[in-house]
Amino acid sequence: FFLLFVLVTAPALFFLLNVANANIEEEGIGGEKEGVVSLETRLEFAEEAEREIESDVVFPAEAPDDDFDIKDDDEDVSLLYAQITEDLKPFLKNKVTREMTNRARVKYGTENHRAFGFVWVKNELFLATRRPSREFNGHHVQLIYEYFYDLCEVFGKTKTREEDGETSSEDGSKLPPMEMALSTFDYNPPDEERLPVLCFCRDLEFPEETGCILHPGFGFRHNKIDENVYARKEEFDEDFPWSKKDEKLVGRFTMYPRMGRHAEIRARKNFVDWAENRTSLEDGFLDVKMYSKISLREHMEHKYILHLDGQGHSFQFEEKLGLNSVVVSEKKLFQTYFSKFLKPKTHYLEFWENDEKPEDVLEVLHYARTHDEEMQQIAKNGQKFAQKYFTKKARLKYYRELFRRFAEEAMAYEVTETPENAIRICCPGHACEENDIDVKKYAEENF
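Residues numbered from 1 in each chain as written. Predicted model: local features only at pLDDT ≥ 70, side-chain atom pairs only at ≥ 80, totals over all residues. Heavy atoms only, no water.

**What about the pattern of salt bridges?**
What the rule picks out here adds up to 35 salt bridges. One salt bridge in this structure joins Arg297 and Glu235, with 2.9 Å as the shortest N-O distance. Here the residue Arg297 occupies a position in helix 11 (residues 296-299), and Glu235 occupies one in helix 9 (residues 233-239), the gap between them amounting to 62 residues. Judged by relative accessible area, Arg297 falls into the partly exposed class, the value being 31%. (Salt bridge = Lys/Arg side-chain N within 4 Å of Asp/Glu carboxyl O. Helix = DSSP H or I, 4+ residues; strand = E, 2+ residues; numbered from the N terminus. Buried < 20%, exposed > 50% of the residue type's maximum accessible area, 1.4 Å probe, protein only.)

**Some points on the confidence of the model for the protein**
Of all residues in the protein, 80% attain a pLDDT of 70 or more, and the chain-wide mean is 84. Taken as a whole, residues 3-57 scores under 50 in pLDDT and shows 38 contacts with residues more than four places along the chain or in a different chain. Low pLDDT, under 50, characterises residues 162-168; the stretch is placed with 11 contacts to residues that sit more than four places away or in other chains. (pLDDT = per-residue confidence, 0-100. Contact = heavy atoms within 4.5 Å.)

**Brief notes about the sheet that holds strand 11 (residues 302-307)**
One open sheet accounts for five strands, arranged 10-9-11-12-14; its pairing is parallel. Bordering the open sheet on either side are strand 10 (286-290) and strand 14 (349-351), each of which pairs with just one other strand. Sheet twist, expressed as the average angle between the axes of neighbouring strands with direction ignored, equals 20°. Bridge count between strand 12 (residues 326-330) and strand 14: three bridges; the pairing is parallel. Bridging from a neighbouring strand, Glu330 pairs with Phe351 of strand 14. Against the sheet, helix 10 (residues 268-276) touches strand 9 (246-253), strand 10, strand 11 and strand 14, its axis set at about 135° to strand 10. (Pairing = 2+ DSSP bridges. Axes fitted to C-alpha atoms, helices over the stretch in contact; angles between N-to-C directions.)

**Some words on the state of the cysteines**
In total, this model carries three disulfides according to the counting rule given. The disulfide partner of Cys152 is Cys427, and the S-S distance across this bridge is 2.0 Å. Judged by the torsion about the S-S bond (-80°), the Cys152/Cys427 disulfide is left-handed. Of this pair, Cys152 sits in helix 6 (residues 140-154) while Cys427 sits in the loop between strand 15 (423-426) and strand 16 (437-438), and the two are 275 residues apart along the sequence. The class for Cys152 is buried, based on a relative accessible area of 0%. Here Cys199 is linked by a disulfide to Cys212, with a sulfur-sulfur distance of 1.5 Å. Judged by the torsion about the S-S bond (-135°), the Cys199/Cys212 disulfide is left-handed. Residue Cys199 is found in strand 6 (residues 197-199), and its partner Cys212 is found in strand 8 (residues 212-214); the two are separated by 13 residues along the sequence. Once the disulfide-bonded cysteines of the protein are ranked by sequence position, their pairing pattern turns out to be 1-5, 2-3, 4-6. Here Cys201 is not disulfide-linked; the sulfur of Cys199 is the nearest cysteine sulfur, at 6.8 Å. (Disulfide = S-S within 2.5 Å.)

**Details of the environment of Glu192**
Among the structural elements, Glu192 can be located in the loop between strand 5 (178-183) and strand 6. Measuring from C-alpha to C-alpha, the distance between Glu192 and Glu208 comes to 9.9 Å, with 16 residues separating the pair along the chain.

**Describing the side chain of Glu318**
When you line up the elements, Glu318 lands in helix 12 (residues 316-320). Here Glu318 sits buried without a salt bridge, and the closest side chain of opposite charge, Lys332, lies 6.5 Å off (N-O distance). Within polar-contact distance, the side chain of Glu318 engages the side chain of His313 at 2.9 Å. If we skip the residues at most four places from it in the chain, Glu318 touches Phe220, Ile225, Tyr230, His313, Phe338 and Phe390. (Lys, Arg positive; Asp, Glu negative; His and termini not counted. Polar contact = N/O pair within 3.5 Å; in protein donor to acceptor, adjacent residues only side chain to side chain.)

**Concerning the nonpolar core**
Counting residues in each nonpolar core, the largest one holds 84 residues, and the members touching the most others are Phe118, Phe155, Met178, Phe385, Phe390 and Phe403. With sequence-adjacent residues up to four places away left out, Met178 is seen in contact with Phe118, Val119, Trp120, Phe155, Phe403, Phe406, Ala407, Met411 and Val415. Counting residues in hydrophobic clusters, the runner-up holds 26 residues, among them Val272, Ala275, Leu362 and Ala368. (Core = buried A, V, L, I, M, F, W, Y, C linked by side-chain atoms within 4.5 Å.)

**Description of the packing of helix 6 against helix 15 (residues 392-410)**
To characterise two packed helices, one gives the angle between the axes of the helices and the distance between these axes. At a minimum axis distance of 10 Å, the contact between helix 6 and helix 15 shows a crossing angle of 75°. Taken as axis vectors, helix 6 and helix 15 run roughly perpendicular relative to one another. Across the interface between the two elements, Tyr147, Leu151, Glu153 and Val154 of helix 6 pack against Lys392, Leu396, Tyr399, Arg400 and Phe403 of helix 15. By residue class, the composition of the contact of helix 6 with helix 15 is six nonpolar, no polar and three charged. (Parallel < 35°, antiparallel > 145°, perpendicular 65-115°, else oblique. Nonpolar A, V, L, I, M, F, W, Y, C, P; charged D, E, K, R; others polar.)

In structure tokens:
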């Protein structure tokens, strides 16, 4: 009878305890610091999000290997749009209100110096937060202006002068009115409000603990990846054929600390220190150093290029993937707008499977050197992915699909008027007024 009593009452007791705990946490008495999400809450978020995503979103990269292939149509980048569906999912149930947008602006762009709010209305682009400055934004002022350049192109406001006269992109000008906040943070900490904000990466284990909506990010423009890598594919392939590359794993890094979970263990310095202390013959294939730069062309002399993320996701990954060498990357801790469609052993190699020392990179290299044809194919797959999905044309398509769907599906209100105190963003090629943000002039004078 005692066992029967326990079996009958235990579920009810468990439910009541959960309700009590939820009430305590909601009232702020659960011992959590402000702005910090408990592990229990994160797990609840994760389980809820996983159920929702599994029911509606299918990521092609999760299919069997034989089912994954990049379509020959270079114009079709719709593979990545499943990520937009996932990111907008939370805002389809609880629509984005004007209050949420205003709160996101304040939280990310006013209370903090690494974000801004923008508005697209009446065929004009506006800044809805304070004017960027080095005094307030620090070095992130450059990132903000690089985002202004990107947004001008997304909304079709950039004019360029070519041999056949002045031309302008018009696709983006047809986007519906909308407004958002955009974070320039390398890593966005947990946000219990889960306010909608554009960010270029988020925690891979608990993606639902912020309102982060993934997008391509500033690194493509900042690192000039289009000009330096993607546009030079034929040159690089001709100058550095696979047969002439050596078998070293090469990597050069700056001393960025890691943010988020695993910060102390996964810092770049830890791997570099470990690699530099290797002395066996097997480890002679490691050429990894800190603060010792080499050119892109020098990287391509090697079959294997090491990738370690920085504070958050590092845009060096997108750069290295286009070099027709095999990218050997630490196991990803950060999610990007494309990461669910890239597969280890198909597009790149992965190591550091857990937070112990990264000796497993030696096993990865041993396998690679004994499977040369497979490695050559992986290098080609990675390069092909980059050439198809990372180019400016592909990124603009992603942005426009994201902004269109955000405006039409996620927003609970319409943007009809220019916000009070908003500043017009004067895009390159246009005549600017005195109070406008002259994107091109400011960038040329300061950067």
